[in-house]
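Structural overview for review
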Amino acid sequence: MSDLEAVPDVAVCEPAPGPGPVAELYPAREVPLGGVRGVFVERVLPQRDLPTVGAWCFFDHFGSPTVTKTGASPDIDPHPHIGLQTVTWPFDGRIRHRDSVGSDVEIEPGQLNLMTSGRGVAHSEYGVAGVHSGHGLQLWIALPGNSTGIDAHFEQHRELPIYQTRGLRAIILIGSLAGLTSPAEAYTPLVGADIRIEPGAEITLPVRPDFEHAVMVIEGDLAVAGTELTPGPLLYLGTERDELRLGSSTGAHFALIGGEPFGEELVMWWNFVARSHEEIVAARNDWENHDLDRFPDIAGHTPDQRIPAPPLPALHLKPRKRRMGTAHS
Ligand code: MN
């Protein structure tokens, strides 16, 4: 097959222009999960001035040793998603994941868990009785507009590619890094990696210059492209870097995310990622009206366990836009 159009429309696929190589520090916010009784997580995406990094649109660090607030329960009752993939990567503990495509699984360390919502999915995430509620990451990836209508599905991957060089070990969770590609299904060019660097190591990690990247330290100390980082904030590194210079004195465990700058405007509200206010309203109505075609019931849950959608804000929801050319440090 070949494109026979005389003037093919390339604008829809063209990535947004990147900011070039920058180093901007964005603080983590402590937010409750699942309402007032939920545990607190450290959230580094979205930020007011940085809605996405590649297609990554949401980044939570749960069970972080540096979180200062505590909540009553790590359990998240049934709730819906549209327009995104959830990536769950635990470091310890176990989580029982149940969803509306029939999954009922325990999520364990070393196992990538990827739920693709497409036009609609519902799931619950509960701590496993008698097991520490856990420490790990949950991130969301925005689906591109041509994939928002796909059917929901859930994947688990234990066999993940590892890029290893002296003093550094990177597990490629999704997407590609240093020529290695994860089997997890991605819909835009991106990377998500869990990386450990040894004490005293100085490493040059090859990355794609057409990607933008960001790093968050989970444990230890890390210097990235000349910026010193400790656990908590997100360091946004911009585009046009073909390598990241990494160093650590005591060793570090950190996450790297990146991807082609996401060229589409997104409207994010509650658990939904969409293109317009109207799409959000429709998804909220479908959840509230118990539309089983879009959000089937989850086996083992009763309807009264469903988390009700919060009221819509009075304002028309607008796309989140990146503020360009500003430095944070
Ligand atoms: Mn969820």
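Residues numbered from 1 in each chain as written. Predicted model: local features only at pLDDT ≥ 70, side-chain atom pairs only at ≥ 80, totals over all residues. Heavy atoms only, no water.

1. Some remarks on the overall build of the protein chain
From N to C terminus, the protein chain includes 1 helix and 25 strands. For the protein chain, buried positions account for 52% of its 329 residues. Pairs at least 24 residues apart make up 72% of the contacts formed inside the protein chain by residues separated by at least 6 positions. When the accessible surface of the protein chain is totalled, it reaches about 14,700 Å², and 52% of it is carbon and sulfur. (Helix = DSSP H or I, 4+ residues; strand = E, 2+ residues; numbered from the N terminus. Buried < 20%, exposed > 50% of the residue type's maximum accessible area, 1.4 Å probe, protein only. Contact = heavy atoms within 4.5 Å. Areas by Shrake-Rupley, 256 points an atom, 1.4 Å probe, with all protein chains shown as cover.)

2. Thoughts on the coordination of the manganese ion
Protein-derived ligands of the manganese ion are His79 (NE2), His81 (NE2) and His123 (NE2), with the metal-ligand distances lying across 2.1 to 2.2 Å. Counting gaps between the donor residues of the manganese ion yields the pattern H-x1-H-x41-H. Of the two residues, His79 is situated in strand E5 (residues 76–81) and His123 in strand E10 (residues 121–127); the sequence distance between them amounts to 44 residues. What makes His79 buried here is its relative accessible area of 5%. (Donors = N, O, S within 2.8 Å, 3.2 Å for Na, K, Ca; no water.)

3. As for the environment of Gly134
Take Gly134: it is sitting in the loop between E10 and strand E11 (135–142). Using a relative accessible area of 5% as the deciding quantity, one classes Gly134 as buried. C-alpha separation for the pair Gly134 and Arg94, spaced 40 residues apart in sequence, amounts to 6.3 Å.

4. Some thoughts on the side chain of Thr239
Positionally, Thr239 belongs in the loop between strand E21 (234–238) and strand E22 (243–247). Judged by relative accessible area, which is 4%, Thr239 ranks as buried. At 2.8 Å, the side chain of Thr239 and the backbone nitrogen of Gly20 are in polar contact. For Thr239, the residues in contact, after removing those within four places along its chain, are Gly18, Pro19, Gly20, Pro21, Pro209, Phe211, Glu212 and Pro261. (Polar contact = N/O pair within 3.5 Å; in protein donor to acceptor, adjacent residues only side chain to side chain.)

5. Thoughts on the sheet that holds E11
Reading across the sheet, the 7 strands line up as E2-E3-E4-E11-E6-E9-E12 and stay open at both edges, with antiparallel pairing between neighbours. Looking at strand neighbours, the two that pair on one side only are strand E2 (29–32) and strand E12 (153–157), the edges of this open sheet. Sheet twist, expressed as the mean angle between neighbouring strand axes with direction ignored, is 25°. In this structure, strand E9 (residues 112–116) lies alongside E12, joined through 5 bridges in antiparallel fashion. Bridge pairing in E12 places Leu112 opposite His157. (Pairing = 2+ DSSP bridges. Axes fitted to C-alpha atoms, helices over the stretch in contact; angles between N-to-C directions.)

6. Side note on the nonpolar core
Formed by 38 residues in total, the largest nonpolar core has its most connected members in Trp56, Phe59, Leu137 and Leu234. The greatest single-element share of this core, amounting to 5 residues, is contributed by E11. Among residues more than four places away in sequence, those in contact with Trp56 are Leu45, Pro51, Val87, Leu139, Trp140, Ile141, Ile174, Leu190, Val191, Gly192, Ile257 and Gly258. The next biggest cluster of nonpolar side chains, apart from the first, holds 26 residues, and it includes Leu168, Ile197, Ile203 and Phe211. (Core = buried A, V, L, I, M, F, W, Y, C linked by side-chain atoms within 4.5 Å.)

7. Points about the sheet that holds strand E8 (residues 104–107)
What the 4 strands build is an open sheet, ordered E5-E10-E7-E8; its pairing is antiparallel. The open sheet terminates on both sides in strands that have one partner only, identified here as E5 and E8. Going from strand to strand, the sheet's axes swing by 25° on average, the running direction of each strand aside. Summarising the sheet, strand E7 (residues 95–99) and E8 pair through 4 bridges and their orientation is antiparallel.

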